[in-house]
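A closer look at the structure
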Amino acid sequence: MMKTDIQIAQEAEMMPIKDVAARIGLKEDDLELYGKYKAKISNEFYDSIKGNEDGKLILVTAINPTPAGEGKTTVTVGLGQAFGQLDKKSIIALREPSLGPCFGIKGGAAGGGYAQVVPMEDLNLHFTGDFHAITSANNLLAAMLDNSIKQDNELNIDPTKVVWKRCVDINDRVLRNIIVGRGRDVDGVEREDHFVITVASEIMAILCLATDYVDLKERLGKIIVAYTYDGEPVTAKDIKAVGSMAALLKDAMKPNLIQTLEHTPALVHGGPFANIAHGCNSVRATKTALKMADYVITEAGFGADLGAEKFLDIKCRKAGLHPDAVVLVATVRALKYNGGVAKEDLSEENLDALKKGIVNLEKHIENIQQFGVPVVVTLNQFVTDTEAELDYIKNFCEERNCDFALCQVWEKGGEGGIELANKVLNTIANKPSNYAPLYTDDMSIKDKIKTVATKIYGADDVEYSEEAEAQIKKIEEMGFKECPVCMAKTQYSLSDDKDKLGRPTNFNITIREVYISAGAGFVVALTGSIMTMPGLSKTPAAYGIDLTDDGQITGLF
């Protein structure tokens, strides 16, 4: 019987984190230990390596996720382990998991099989407290905003124009739209309020984009929390919340160091969702890793139409990063699902369905190539895959100027990723990266949205609600035209309709709401029915998670 991910993780012999750190030049004094197997990297160490030459940056992304599973994080971890087996100095840079999907449907985000980061339970649950700090800072700002309105409202805030939302890192749909301040006069001003999940909070985005404490405080101060009766923006700086928020985030700014099952170092830091936020780990962690290793393997959330687009259009643009290669993960099963095969029939060979569904992979290849970055396609291999199916996909990719490799890291760990690692090394050596963002800063917000919608999603055009039209006009009048756009869209389709699989055509993208995240430095456009606070399913993963009498956690996956 095959062991579960958590069984494999719990049976692993972890190396003390100070020994893992020593492999990449960190001394014990450079670490802030959280027990034996977790640590934060000190600010002093980061300052000491700023002058080092950068290593090569490799992004791992995927086709649109399906119920069949793709294993993007598993491939990221396995590829890092494979580089280690090839004696390459490498570091993995990942996002931290959210409790939302952990207790919801998707599960944790530590990889899988023999390509995992550990300690798996700690990472998926409280870890080093970063998300708690972000939640606390977010809600402190909300409390100080409401207090400002209650205490004589000296800033002339219109309670009907409060735009700052509270947050919690749990899928809790009943908090999407609420009324606060009910009861006595002393209980505050009654108004409509809302919650987002912590990973959609602007403070999460700010933490992941800030370079140091000075930058962090400047960004926090720019957060727009409300508008006055005269329509003027009110910021966190106006509320006098910046210092206290920064104090809560002091330790959360420092990257976390853990290890893979094969003791490859992994910096796991920050965790914005890619369907409702920008989907990348922190700039601080990525830059730290680049100064310490010859090869840095990172990942961005969901499919390449979301996480990779935002990595390349927002994170790299803002942080001055230059990716050297992109690994695009797919599975035979997921491509057949895109071709119309039911989940229960995916184990059967079906070349006709594969040919129909591979257009999803084709579009993602084209999308990455639009940024000028070379692509390596890898298939996360299953035992049910046939030679005919594998050969068809290999030929398809090579015809499109992509290196191709099979990947068996779930089953074999780093050894199962050596073919992929060699293809990535070959690509970096022989295919130069001419990375450039998809659009320029000086384009209008509508032109930026249309560029992403037409060039990345394949839409014919963009439609706007009256509210979105007015919001864009206001945002540009306020001086934020130069900001990149962060598209909030379903992860399941290239379109904004989750049921349109494959490579949809003849559709428009609908923008229902647009708002400015002034501290993060981007404009968020909500498409279709996307929500910033998910809900639990009828049978959430939380049903299967438990704690044994001797303190062992079970049921995480």
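Above this text is the structure in question.
Residues numbered from 1 in each chain as written. Predicted model: local features only at pLDDT ≥ 70, side-chain atom pairs only at ≥ 80, totals over all residues. Heavy atoms only, no water.

Turning our eyes to something else, we now look at the sheet that holds strand 12 (residues 224-228). Strand order in the open sheet formed by 3 strands is 7-12-13, and the pairing between neighbours is antiparallel. Two strands in the sheet have a free side with no partner beyond their single neighbour: strand 7 (157-162) and strand 13 (233-235). Between one strand and the next, the sheet's axes are offset by a mean angle of 50°, whatever the strand orientation. One ladder, built from 2 bridges, connects strand 7 with strand 12; its direction is antiparallel. If you follow V162 over to strand 12, its bridge partner there is A226. (Pairing = 2+ DSSP bridges. Helix = DSSP H or I, 4+ residues; strand = E, 2+ residues; numbered from the N terminus. Axes fitted to C-alpha atoms, helices over the stretch in contact; angles between N-to-C directions.)

End to end, helix 15 (residues 351-370) covers 28 Å across 20 residues, agreeing with the expected 28 Å (1.5 Å per residue, within 8%). The largest bend in helix 15 amounts to roughly 30° and is located at G357. Just downstream of helix 15, G372 is the residue with a positive phi angle, here 80°. (Expected span 1.5 Å × (residues − 1). Bend = angle between axes of the 7 residues up to and from the residue.)

Moving on: the sheet that holds strand 21 (residues 485-488). Sheet strands pair via backbone hydrogen bonds, and the direction of the pair is either parallel or antiparallel. Spatial ordering of the open sheet is given by 20-22-23-21, a layout of 4 strands whose pairing is mixed. With one partner strand each, in any of the chains shown, strand 20 (461-464) and strand 21 form the two edges of the open sheet. Pairs of neighbouring strands in the sheet enclose a mean axial angle of 40°, with direction left out of account. The pairing of strand 22 (residues 508-517) with strand 23 (residues 522-527) spans 6 bridges and is classified as antiparallel. From the neighbouring strand, S517 faces strand 23, where its bridge partner is F522. Seen against the sheet, helix 20 (residues 466-477) touches strand 20, strand 22 and strand 23 and runs at an angle of roughly 40° to strand 22. (Contact = heavy atoms within 4.5 Å.)

Bringing the environment of A142 into the picture now. Within the secondary structure, A142 is located in helix 7 (residues 130-150). The buried category is assigned to A142, whose relative accessible area is 1%. (Buried < 20%, exposed > 50% of the residue type's maximum accessible area, 1.4 Å probe, protein only.)

With respect to the helices and strands, L556 occurs in the segment after strand 25 (553-554). By relative accessible area, which is 3% here, L556 ends up buried. L556 sits 14 residues away from A542 along the chain, and the two C-alpha atoms are 8.7 Å apart. Ignoring anything within four residues of it in the chain, the contact list for L556 reads I6, C102, M120, E121, N124, L125 and I545.

Okay, unusual backbone geometry next. For residues that are not glycine, phi is negative in most cases, and the peptide bond is trans in most cases. The omega torsion of the bond from V118 to P119 falls at 5°, within 30 degrees of zero and hence cis. With a phi close to 60°, D87 is a non-glycine residue in the positive phi region. Among the secondary structure elements, D87 is positioned in the loop between helix 4 (72-85) and strand 4 (90-94).

So, on to the nonpolar core. With 138 residues, the main nonpolar core has L220, I223, L361, I393, I449 and I511 as its most contacted residues. Among residues more than four places away in sequence, those in contact with I511 are I449, V462, E463, Y464, S465, A468, M487, A525, L526 and T527. One finds I8, V77, Y295 and I428 within the second-largest nonpolar core, a separate group that totals 40 residues. (Core = buried A, V, L, I, M, F, W, Y, C linked by side-chain atoms within 4.5 Å.)

Once that is clear, we can look at the packing of helix 8 (residues 202-209) against helix 9 (residues 213-222). Their axes nearest at 9 Å, the elements helix 8 and helix 9 cross at an angle of 150°. Classified by the interaxial angle, the pair formed by helix 8 and helix 9 is roughly antiparallel. Here helix 8 and helix 9 pass one another in a crossing that is right-handed. Residues I203, I206 and L209 of helix 8 form the contact with helix 9, whose own contacting residues are D215, L216, R219 and L220. Split by residue class, the contact of helix 8 with helix 9 holds 5 nonpolar, no polar and 2 charged. (Parallel < 35°, antiparallel > 145°, perpendicular 65-115°, else oblique. Left-handed = near helix turned anticlockwise from the far one by under 90°. Nonpolar A, V, L, I, M, F, W, Y, C, P; charged D, E, K, R; others polar.)

Summed over all chains, the structure comprises 32 salt bridges. With a closest N to O distance of 2.5 Å, R166 and D193 form a salt bridge. Separated by 27 residues along the polypeptide, R166 in strand 8 (residues 166-168) and D193 in strand 10 (residues 191-193) bring together distant segments of the chain. Overall, R166 belongs to the buried group, its relative accessible area being 18%. Among the residues examined, D193 registers a relative accessible area of 1% and is labelled buried. E389 is the salt-bridge partner of K336, the closest N and O atoms lying 2.9 Å from each other. Of this pair, K336 sits in helix 14 (residues 332-338) while E389 sits in helix 16 (residues 387-398), and the two are 53 residues apart along the sequence. A single burial state applies to K336 and to E389, both of which are buried. In the salt-bridge network here, residues are joined through shared partners; they are E362, E366, E399, R400 and R503. (Salt bridge = Lys/Arg side-chain N within 4 Å of Asp/Glu carboxyl O.)

Read these as geometric descriptors, not functional statements.
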